[in-house]
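So you can see what is in the structure, the chains are spelled out below.
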Amino acid sequence: MTELQLIGLGTWSPKHGSWEEFCTGTQADDWPNEVKLQPGLIPPRERRRAPQLVKMAIEVMDQACKMAAVEPDEIAVIFSSAMGDMQITDYICSALAQTPKLISPIKFHNSVHNAAPGYWSITTGAFCPASAVSAFEYTPTMAFLEACIQAEEEQTPVLCVIQELAAPHTIMDICPSEVPFSAAFLLAPANFFASPIASIEFDVGQGSVEWPAIDDRLLEFAGNMSARLLPLMTALASGVDTNLRFPITEDMSLGVRLNPCTT
């Protein structure tokens, strides 16, 4: 297994607005009454025009960088979403069928899968590599594996972003996501950071495995493909050493050994 460090983490959903709120909710079943999505990195004028998928990404990426005290323009980024901006996709398909000449240029601009990395690069002035990954149900594990490999091979911090919106009714049969969810994992080479959140070892194995079960307190996220890494997050929130295996294809799996740091 190859060892890395987890040095920063961010997360957002309508149920929690930060890693701290996620930990409190999963450990004490105490969730905030109201959760807002107002990423401070995006200027107010641009924030009003930015779609939810972009706002979610920028919010969790900013949280992870602040937790690690790392400048956003110093890290590579792997952004992932199984379906991209489903709300805009639904709008464009409907507009093409009914009023094709009235398609919003702003919505079209925000429809591409790498819109969030684009906003991130422009907002932070970052010139480091930024890419987008999509592999349908295997999207979160493929993105996490890509980030792990890049952090190890390039010996540089890599920010892995996983997220999915709530699906419109027209796409619900394909992607039964009822609640939006996003998370960002800032990974770094071993011994890179003095006080990591956890050490992580990863490997790739042959053979099919089932997705690990989601905590009962988070079952509303069960249809959200990006939320399939929630077992890793709940284990980290509980502070216990954990071994998990996640599918990355029908007959291959990603093993993750998590050792939370107590200091």
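Residues numbered from 1 in each chain as written. Predicted model: local features only at pLDDT ≥ 70, side-chain atom pairs only at ≥ 80, totals over all residues. Heavy atoms only, no water.

Looking at the overall build of the chain
Our working definition: The helix count covers DSSP runs of H or I at least four residues long, the strand count covers runs of E at least two residues long, and both are numbered beginning at the N terminus. Our radius of gyration looks at C-alpha atoms and nothing else; its globule reference is 2.2 Å times the residue count to the power 0.38. The buried label goes to any residue with under 20% of its type's maximum accessible area, the exposed label to any with over 50%, and the partly exposed label to all in between, with areas taken from a 1.4 Å probe on protein chains only. By the convention used here, residues are in contact when the closest approach between their heavy atoms is within 4.5 Å.
A tally of helices and strands in the chain yields 8 helices and 8 strands. Expected size for 263 residues packed as a compact globule is a radius of gyration near 18 Å; at 18 Å, the chain falls within 12% of this value. The dimensions of the chain, computed from C-alpha atoms along their principal axes, are 55 × 40 × 40 Å. Across the 263 residues in the chain, those meeting the buried criterion constitute 52%. Partitioning the intrachain contacts of the chain with sequence separation of at least 6 by distance along the chain shows that 74% fall at a separation of at least 24.

Looking at the packing of helix α1 (residues 19-28) against helix α8 (residues 230-238)
Our working rule: A fitted line through C-alpha atoms represents every axis, and for helices the fit uses only the stretch in contact; the resulting angles, taken between N-to-C directions, go from 0 to 180 degrees. Note on terminology: angles under 35 degrees are roughly parallel, angles over 145 are roughly antiparallel, angles of 65 to 115 are roughly perpendicular, and the others are oblique. The nonpolar class holds Ala, Val, Leu, Ile, Met, Phe, Trp, Tyr, Cys and Pro. Asp, Glu, Lys and Arg form the charged class, and all remaining residues, Gly among them, are polar.
For the pair α1 and α8, interaxial distance at closest approach is 9 Å and the crossing angle is 85°. Judged by the angle between their axes, α1 and α8 are roughly perpendicular. The residues of α8 that touch α1, namely those facing W19, F22, C23, T26 and Q27, are L230, M233, T234, L236, A237 and S238. Split by residue class, the contact of α1 with α8 holds 7 nonpolar, 4 polar and no charged.

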